[in-house]
Amino acid sequence: MAAFYSFLAVLALIVIPWLGVGMGMSALFGIALPYIAIIIFMVGFTMRIVDWAKSPVPFCIPTTGGQQKSLPWIKWSPWDNPVDKKGVFMRMVLEVLCFRSLFRNTSVKLQQDGPKVGYSSEKSLWLFSLIFHYCFLLILVRHLRFFLMPIPGAVGIAEFLDSILQIGLPVMYQSDALIMVGLLFLLARRVFDGKVRYITLMQDYFPLFLLLGIVLTGVWMRYVVKVDVIAVKELTMSIVTLRPHMPTAPIDPSVYAHLTLVCALFIYFPFSKLMHMGGIFLSPTRVLPNMSRRAQWVNPWNDPAVKAHSYEAYEDDFREKMIEAGLPVDKKA
Amino acid sequence: MAKYPPPEELIKINYSTPVKSWMDTKTPFKPGNFSYPGKPDILKYLGMPNPRVWSPTDDDWQLPPDWQRLVMEKFRSLLKKYRSFKVFMDICVRCGACADKCHFFIGGGDPKNMPVLRAELLRSIYRGEFSAAAKVLGKLAGARKLEEDVIKEWFLYFYQCTECRRCSLFCPYGIDTAEITMMARELLHEVGCNINWILEPAANCNRTGNHLGIQPHAYKDMMDFLCDDIEDITGKRIRPNVNKKGCEILFITPSGDIFADPGIYTYMGYLILFEHLGLDVTWSTYASEGGNFGLFTSDKMMKKINGKMYNEAKRLGVKWILGGECGHMWRVINQYMSTMNGPADFLETPVSPITGTKFDAASGTKMLHIAEFTADLIKNKKLNLDPSRNDNFISTFHDSCNPARGMGLLEEPRYIMKNVCRQFYEMPENTIREQTFCCGGGAGLNNEEFTETRLRGGLPRGNAVKYVRDRHGVNNLACICAIDRATLPPLCDYWAPGVGVSGVHELVGNAIILDGEKKRTTDLRQNPLPGMEDEEE
Ligand code: HEM
Ligand code: SF4
Ligand code: SF4
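Residues numbered from 1 in each chain as written. Chains lettered and ligands numbered in written order. Predicted model: local features only at pLDDT ≥ 70, side-chain atom pairs only at ≥ 80, totals over all residues. Heavy atoms only, no water.

- Under the annotation held in an unreviewed UniProt entry, chain B carries the name (Fe-S)-binding protein and is attributed to Solidesulfovibrio aerotolerans.

- An unreviewed UniProt entry annotates chain A as Menaquinol oxidoreductase originating from Solidesulfovibrio aerotolerans.
- Turning to chain A, the UniProt annotation filed under Subcellular location (unreviewed entry) states: "Cell membrane". (UniProt positions renumbered as here; feature names shortened; annotations may be inferred.)

Structural data, given as structure tokens:
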């Protein structure tokens, strides 16, 4: 049900602009919506981050993933159990660029006779997730071609690497195929893996369908209808230079569908789990060094009024018994 | 005695998930899956809300009339106080990487024990109350209203989490369900839903200085009793300092170890070690508890209980504090102590008086772990050891959750183990070090009535022990935690019969050759040493 609704929502996001453009609303989908989306994205994203960043971190609670820094002759895991900013930086580089924690993933197997509980390495989520994210990044970089003038060298390099296999004409980008593979795998496990299906909500299906929709409309534009790229660039450049106007040459309605889906992604982003992109950098169990035994970590709301039951009160309670047992006391009876 | 099924029954675990949404499935309370609620007089003593006599199996939980408002107000205030809470509520992608990492899920198969779903129990209310869109979409978007059944579900599942943080290690964003459990327990306190096994020790600790409520004279008696045993075994009389002013070091360890088998042998190990070194150290009855059940209650309670350590160090005028073997005690010391009750400017960075090693790792809290202290002594060859005295033990080592994932104390105890005994084998790598499995009784769940669930949660650990038992003949599971010493023996009896449990410093105590001791014929448990089976006293 949740999957079906998400699918319908994405379908609507394709059909509406397609029809709308036919009815002469191309400026709405080509100009107004992108501006609205960008503004919502930028404001929303910033507000979420600021909101998180403003909330205090009362305790230093990293999850340590290796040997602490201890005596000099004990081998320490500086990246899994960092004690300073440098170590945390490395830990985060590994997390963000390599999905280090996901790489650890295992899967439990229970054998009734024995009984035996086994843990096998389970890297498929890591692999396909990594494929998806890197392809997404690559595609994003490639898209800069539409928004920058002149086109930076890095974009050219990305395009070159992405099309190195030289398949088809126009040359096929590997990332287009791989991102589909990645997304379909992530979707498939939500549908077929019982545990994952059980925890999956509408807001988990929606971004997957949305991203699939973006990729499919993109592929359609590039390889099937072969849209007028010059005209599209005229439109996108007019948007970034803040002099929006509709290009004179006609643009295929699929472009508007693609654009609308991307706008939907931008609008949806700040209010959804996609904020993990920002959250990972603010997650206290990962970005804090294991330093609270070495130096002071300050809790801004530490309440000095909370005090231990005092020794004096304790001795008052037990003085006779302590004296009898030969224990030293501060105040004689 | 609680009744529970035999291992053959219990192992029939089914990891499949129901077709119906988790929001529409209700788990009944039945003996063995919950802990008894806090007693009214304990709640009153601690000044906690809604003291009453009740049972989770009641239909009416006698919540206060405006309980919804109380819970939501607390929810809001916790979100303001903890970035962790807010971020963890917001960014979970429900990838499920954490799902099969929890020992309670592995050993029970209840999908609500998947960490992600445990967190969703709270997240669904967060959405339902704070997000307009989710409110409209309702169940499809994982949102629901705060009803009495939700409180019941929280009570069941947030007291089925041992705050072990294994899920957090595997989560790509480090989402720590232990942290979420702490928040949920604070919410439950608002309406008076909590468990006695946590609150009574906390109340005891406040008044008597330890969880067990041992009064000072009784503590001294028990200590003397253990010294008698040491005298029987080694021929040496040890006279430990208690509450003595002007010593160099204050030693604090969990009270469980002075009281119950097998913890007492670890306690004896400490006494022997200090005697061997001639260490200028005192014990304290006012601060006679290393553990801190406040960690499982609320930040306030944790601070209050922890405060005694620095209070006592100051009063006695010591230079630094040495801490014994305990799991959650060390999470508190490493991650909370100085923040709550420090900085301890009146103390000095620990320096071993025997080796001169300065322990920079403790330069803030001024509190050193005994495993760090002893490892340094062994490395510098300051201990006179006879590891053959531990030859009756074929050992493996259980990393306690907190020193592993809340500190990273992994190598030190292993180094000691390898030097005080000659037969040591590791359990499979997915079950040790940072990936270690809980004993099933952490976070205040080590109570009798909860045994069945503990044994379920103990399956991954028990099975790993069984593996080394069958393969290498392991008969001793060493650990550095007093709760482990209480929870692992029944767990081993159940899943890996024939394996006993010891502290690391029990083995140290066996191996240390005291100056002028008599020829030992038994170990600290008064079992004959290898080759001494026929020897008379
Ligand atoms: C700093 C940048 C980012 C990092 C480190 C990151 C990391 C991750 C990780 C580790 C996962 C969990 C594995 C999985 O379920 O696939 C994930 C999931 C996901 N990420 Fe990202 N991500 C980032 C940015 C983004 C962006 C910009 C998007 C944009 C659309 C995105 C979309 C998703 C989606 C849709 C999922 C869920 C996949 C599923 O439903 O199974 N991520 N991300
Ligand atoms: S591993 Fe983390 S992000 Fe994935 S489901 Fe669990 S808590 Fe959520
Ligand atoms: S902290 Fe431990 S017990 Fe709690 S959900 Fe995570 S893995 Fe399970």
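Looking at the overall build of chain B
Stage number 1. The helix and strand inventory of chain B stands at 23 helices and eight strands.
Stage number 2. Taking 24 Å as the expected radius of gyration for a compact globule of 537 residues, we find that chain B reaches 24 Å, a close match to that expectation.
Stage number 3. Oriented by its inertia axes, the alpha-carbon framework of chain B measures out at about 80 × 50 × 40 Å.
Stage number 4. For chain B, the residues scored as buried account for 68% of the 537 residues in total.
Stage number 5. When contacts within chain B are restricted to residue pairs at least 6 apart in sequence, those whose partners lie at least 24 apart make up 76%.
Stage number 6. Both charge centroids of chain B, one from 66 positive and one from 67 negative side chains, sit 6 Å from each other. (Helix = DSSP H or I, 4+ residues; strand = E, 2+ residues; numbered from the N terminus. Rg over C-alpha atoms; globule rule 2.2 N^0.38 Å. Buried < 20%, exposed > 50% of the residue type's maximum accessible area, 1.4 Å probe, protein only. Contact = heavy atoms within 4.5 Å. Lys, Arg positive; Asp, Glu negative; His and termini not counted. Charge placed at Lys NZ, Arg CZ, Asp CG, Glu CD.)

Some points on the sheet that holds strand β1 (residues 241-242) of chain B
All names here are of chain B.
Stage number 1. Taken in spatial order, the five strands line up as β1-β3-β2-β4-β5 in an open sheet, and their pairing is parallel. The sheet terminates laterally at β1 and β5 (367-369), the two strands that pair on one side only.
Stage number 2. Sheet topology places β1 next to strand β3 (residues 281-283); two bridges connect them, and they run parallel. Bridge pairing in β3 places N241 opposite T282.
Stage number 3. Helix α14 (residues 263-277) rests against β2 (249-252), β3 and β4 (320-323) of the sheet, and its axis sits at about 155° to β3.
Stage number 4. Packing against the sheet, helix α15 (residues 299-316) makes contact with β2, β3, β4 and β5, and its axis sits at approximately 150° to β2. (Pairing = 2+ DSSP bridges. Axes fitted to C-alpha atoms, helices over the stretch in contact; angles between N-to-C directions.)

Details of the coordination of the iron atom of ligand 1
Residues and elements named next belong to chain A.
Stage number 1. Looking at the iron atom of ligand 1, the protein donor atoms are H133 (NE2) and H276 (NE2), and they sit 1.9 to 2.0 Å from it.
Stage number 2. Taken together, the six donor atoms coordinating the iron atom of ligand 1 span angles of 87 to 179° at the metal, a pattern that classifies the geometry as octahedral. Of the two residues, H133 is situated in helix α5 (residues 124-143) and H276 in helix α12 (residues 276-279); the sequence distance between them amounts to 143 residues.
Stage number 3. With a relative accessible area of 16%, H276 lands in the buried category. (Donors = N, O, S within 2.8 Å, 3.2 Å for Na, K, Ca; no water. Tetrahedral: all angles 85-135°; square planar, octahedral: opposite > 155°, others 65-115°.)

Things to note about the site of ligand 2
Stage number 1. Ligand 2 sits among B:C92, B:V93, B:R94, B:C95, B:G96, B:A97, B:C98, B:V116, B:C171, B:P172, B:Y173 and B:I175.
Stage number 2. Partitioning the shell around ligand 2 into residue classes produces ten nonpolar, one polar and one charged. (Near = heavy atom within 4 Å. Nonpolar A, V, L, I, M, F, W, Y, C, P; charged D, E, K, R; others polar.)

A look at the interface of chain A and chain B
Interface size is commonly expressed as the accessible area that is lost once the parts come together.
Stage number 1. With 92 residues of chain A at the contact, the number on the chain B side is 121 residues.
Stage number 2. Between chain A and chain B the total buried area reaches about 8900 Å² when both faces are included, carbon and sulfur atoms providing 58% of it.
Stage number 3. Counting across the chain A and chain B interface gives seven salt bridges.
Stage number 4. Between B:R94 and A:D204 there is a salt bridge, with its nearest N and O atoms 2.7 Å apart.
Stage number 5. On the surface where chain A and chain B come into contact, there are 68 residue pairs in polar contact (both at pLDDT 80 or more). (Buried area = accessible area lost by both parts, 1.4 Å probe. Salt bridge = Lys/Arg side-chain N within 4 Å of Asp/Glu carboxyl O. Polar contact = N/O pair within 3.5 Å; in protein donor to acceptor, adjacent residues only side chain to side chain.)

Things to note about the site of ligand 1
Stage number 1. Around ligand 1 sit 21 residues in total, of which A:S129, A:H133, A:R190, A:H276 and B:Y173 are the nearest.
Stage number 2. The site occupied by ligand 1 is bordered by residues of chains A and B.
Stage number 3. At 2.8 Å from a nitrogen atom of ligand 1 is found a side-chain nitrogen or oxygen belonging to A:H276.
Stage number 4. Secondary structure elements with two or more residues in the shell around ligand 1: α5, α7 (174-192), α9 (202-224) and α12 of chain A.

A few points about the packing of helix α2 (residues 26-54) of chain A against helix α11 (residues 253-268) of chain A
All names here are of chain A.
Stage number 1. Closest axis-to-axis distance for the α2/α11 pair is 8 Å, and the angle between their directions is 20°. Compared by their axis directions, α2 and α11 come out roughly parallel. You can see that α2 and α11 cross each other, and the crossing is left-handed. For the pair α2 and α11, contact is made by S26, F29, G30, L33, P34, A37, I40 and F41 and by Y256, L259, T260, C263, F266 and I267, respectively.
Stage number 2. Classifying every residue of the contact of α2 with α11 gives eleven nonpolar, three polar and no charged. (Parallel < 35°, antiparallel > 145°, perpendicular 65-115°, else oblique. Left-handed = near helix turned anticlockwise from the far one by under 90°.)

Considering the side chain of B:N210
Residue and element names in this part refer to chain B.
Stage number 1. Its location among the elements puts N210 in the loop between α11 (196-208) and α12 (216-234).
Stage number 2. Judged by its relative accessible area of 0%, N210 is buried.
Stage number 3. Polar contacts involving the side chain of N210 include one to the main-chain amide nitrogen of G213, which spans 2.9 Å.
Stage number 4. Not counting chain neighbours up to four residues away, the residues in contact with N210 comprise P201, N204, C205, S255, S288 and E289.

Considerations on the pairing of strand β8 (residues 500-503) of chain B
Residue and element names in this part refer to chain B.
Stage number 1. Where strand β7 (residues 476-479) and β8 come together, four bridges link them in parallel fashion. The residue bridging L477 from the neighbouring strand is V501, located in β8.
Stage number 2. Viewed along the sheet, the connection from β7 through helix α22 (residues 482-495) into β8 turns out right-handed. (Right-handed = clockwise from strand over helix to strand, strands pointing away.)

Let's talk about the pairing of β7(B)
Residues and elements named next belong to chain B.
Stage number 1. Along β7, one buried face is formed by N476 and A478 and the opposite face, lined by L477 and C479, is buried too.
Stage number 2. Relative to β7, strand β6 (residues 395-398) is paired through four bridges, and the arrangement is parallel. By the bridge assignment, S395 is partnered in β7 with N476.

Things to note about the sheet that holds β6(B)
All names here are of chain B.
Stage number 1. Within the open sheet, the three strands sit side by side as β6-β7-β8. Their pairing is parallel. Every interior strand has two partners, whereas the edge strands, β6 and β8, have only one. Neighbouring strand axes in the sheet, compared pairwise and without regard to direction, differ in orientation by 35° on average.
Stage number 2. Running at roughly 170° to β6, helix α19 (residues 411-420) makes contact with β6 and β7 of the sheet.

Considerations on the UniProt feature "transmembrane region" (unreviewed entry) in chain A
Residue and element names in this part refer to chain A.
Stage number 1. With numbering matched to this structure, UniProt assigns "transmembrane region" (unreviewed entry) to residues 27-45, 125-144, 164-187, 208-225 and 255-271.
Stage number 2. Structurally, residues 27-45 comprises 100% helix and 0% strand, and the distance from its first C-alpha atom to its last is 26 Å.
Stage number 3. Helix makes up 94% of residues 208-225 and strand makes up 0%, while its end C-alpha atoms are separated by 24 Å.

Regarding the pattern of salt bridges
Stage number 1. Applying the stated criterion across every chain yields a total of 49 salt bridges over all chains.
Stage number 2. Note that B:E73 is salt-bridged to B:R69, the shortest N-O span being 3.0 Å. Taken together, the residues B:E73 and B:R69, both in helix α3 (residues 67-81) and four residues apart, mark about one turn of the helix.
Stage number 3. In this structure B:E73 comes out as partly exposed when scored by relative accessible area, which is 42%.
Stage number 4. Residue B:E120 is joined to B:R123 by a salt bridge in which the shortest nitrogen-to-oxygen separation is 2.9 Å. Note that B:E120 and B:R123 are positioned in helix α6 (residues 115-130) at a spacing of three residues, about one turn of the helix.
Stage number 5. The network of salt bridges with common partners includes A:D204, A:K273, B:R94, B:E120, B:R123 and B:R127.

Here's the deal with the packing of α6(B) against helix α8 (residues 148-158) of chain B
A pair of packed helices is characterised by two quantities: the angle between their axes and the separation of those axes.
Residues and elements named next belong to chain B.
Stage number 1. Orientation of α6 relative to α8, taken along the N-to-C sense of each, is 150°, at an axis distance of 10 Å. In terms of orientation, α6 lies roughly antiparallel with respect to α8. For the element pair α6 and α8, the recorded crossing hand is left-handed. The segment α6 lies against α8, with R118, L121, L122 and I125 engaging V150, E153, W154, Y157 and F158.
Stage number 2. In the contact of α6 with α8, the residues fall into seven nonpolar, no polar and two charged.

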